[in-house]
Amino acid sequence: MPFLVDVMCGGLVSYLRMCGYDTAYAGDRNLEADDDLLAVARSERRTILTRDVALAARAEDADTGGNAGADVDAILLESLAVEDQLVELEEAGVRLELADEPTRCGRCNGRLERVTETPDSTPEYAPDPGEERVWRCRDCGQWFWTGSHWDRVRETLARVGSRTGGANGTGALETGAGADETDGQ
């Protein structure tokens, strides 16, 4: 399921992308007005993640015959803290599991490709592709690897899973089922 995250929930963006979800961020697209968020969600068939009660209600109106949101789904989050928002998402049925390999750019949401070039093409900040698995965003060129940030996200998702009784409670590296690899995002 592709998402559109409003600016109130921006801390979720990198987690969702690391779980393989196609995740657009309203802040990256300069979307502020509810009408603009609804229009983008409708045209791109994205589920809105928001803390904005009025925005979620407008999307809900579409499901009950109103036309304000017109075929737009939304998940209303109540918590301020990112980890608590992740719990709410998992309780809403969003599977939060790291993919075996990253598939989405944390910066721009583009698709990642495995890097196999020689080390002289590697940016200074990235590890040598001959020594560690490395990926590059097809859109913005950012390089990624599963280092300490990946480990911290895995630990956070394990805590979330233990709070919800989900699969993440094991702390194991899970396949991001429900994200890119299973629904064509």
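These numbers were taken from a predicted model, which means no experiment stands behind them.

S.K.: Kindly report on the nonpolar core, identifying the contributing residues and their values.
M.R.: Nonpolar side chains tend toward joint burial in soluble globular proteins. Leu 16, Leu 89 and Leu 96 are the most contacted members of the largest nonpolar core, which has 24 residues in total. Residue contacts for Leu 89: discarding those within four places in its chain leaves Leu 12, Leu 16, Leu 49, Ile 75, Leu 77, Val 94 and Leu 96. With twelve residues, the next largest nonpolar core counts Leu 31, Ala 41, Ile 48 and Leu 55 among its residues.

S.K.: Break down unusual backbone geometry for me, citing the residues and quoting the values.
M.R.: Phi is positive for Arg 45, close to 55°, though the residue is something other than glycine. One can find Arg 45 in the loop between helix H2 (34–44) and strand S3 (47–50). Given the relative accessible area of 72%, Arg 45 is considered exposed.

S.K.: If you had to explain helix H5 (residues 148–164) to someone new, which residues and values would you point to?
M.R.: In this model, H5 (17 residues) spans 24 Å end to end at C-alpha, consistent with the 24 Å of a helix rising 1.5 Å per residue. Every buried residue belonging to H5 is among Trp 150, Val 153, Thr 156, Leu 157, Ala 158, Val 160 and Gly 161, and all of these are buried. Looking at the packing, one finds that the buried side of H5 touches helix H1 (13–18) and helix H4 (82–91). Positive backbone phi, at 80°, marks Gly 165, one or two positions downstream of H5.

S.K.: Provide a residue-level description of the sheet that holds strand S1 (residues 3–5), including the pertinent values.
M.R.: Within the open sheet, the four strands sit side by side as S2-S1-S3-S4. Their pairing is parallel. Taken across any chain shown, the strands that pair with only one partner, and hence form the sheet edges, are strand S2 (23–25) and strand S4 (74–76). On average, each strand axis in the sheet is tilted by 25° relative to the strand beside it, whichever way the strands run. Summarising the sheet, S3 and S4 pair through three bridges and their orientation is parallel. Paired with Ile 48 across the strands is Ala 74, a residue of S4.

S.K.: A description of the pairing of S3 should follow, citing residues and the corresponding values.
M.R.: Residues Thr 47 and Leu 49 point to one face of S3 and Ile 48 and Thr 50 to the other, with burial holding for every one of them. By the bridge criterion, three bridges tie S1 to S3 in an arrangement that is parallel. Of the residues in S3, the one forming a bridge with Phe 3 is Thr 47.

S.K.: Go over a negative patch on the surface, please, and point to the residues and values.
M.R.: Where like charges cluster on the molecular surface, the negative patch consists of Glu 60, Asp 61, Asp 71 and Asp 73. Within the fold, Asp 61 resides in helix H3 (residues 53–63). According to the relative accessible area criterion, Asp 61 is partly exposed, its value standing at 36%.

Each value, and the rule that gives it
- Residues numbered from 1 in each chain as written.
- Predicted model: local features only at pLDDT ≥ 70, side-chain atom pairs only at ≥ 80, totals over all residues.
- Heavy atoms only, no water.
- Core = buried A, V, L, I, M, F, W, Y, C linked by side-chain atoms within 4.5 Å.
- Buried < 20%, exposed > 50% of the residue type's maximum accessible area, 1.4 Å probe, protein only.
- Contact = heavy atoms within 4.5 Å.
- Helix = DSSP H or I, 4+ residues; strand = E, 2+ residues; numbered from the N terminus.
- Expected span 1.5 Å × (residues − 1).
- Pairing = 2+ DSSP bridges.
- Axes fitted to C-alpha atoms, helices over the stretch in contact; angles between N-to-C directions.
- Patch = residues over 30% accessible without salt bridge, like charges linked within 9 Å, V, L, I, M, F, W, Y side chains within 5 Å.
- Areas by Shrake-Rupley, 256 points an atom, 1.4 Å probe, with all protein chains shown as cover.
- Salt bridge = Lys/Arg side-chain N within 4 Å of Asp/Glu carboxyl O.
- Lys, Arg positive; Asp, Glu negative; His and termini not counted.
- Charge placed at Lys NZ, Arg CZ, Asp CG, Glu CD.

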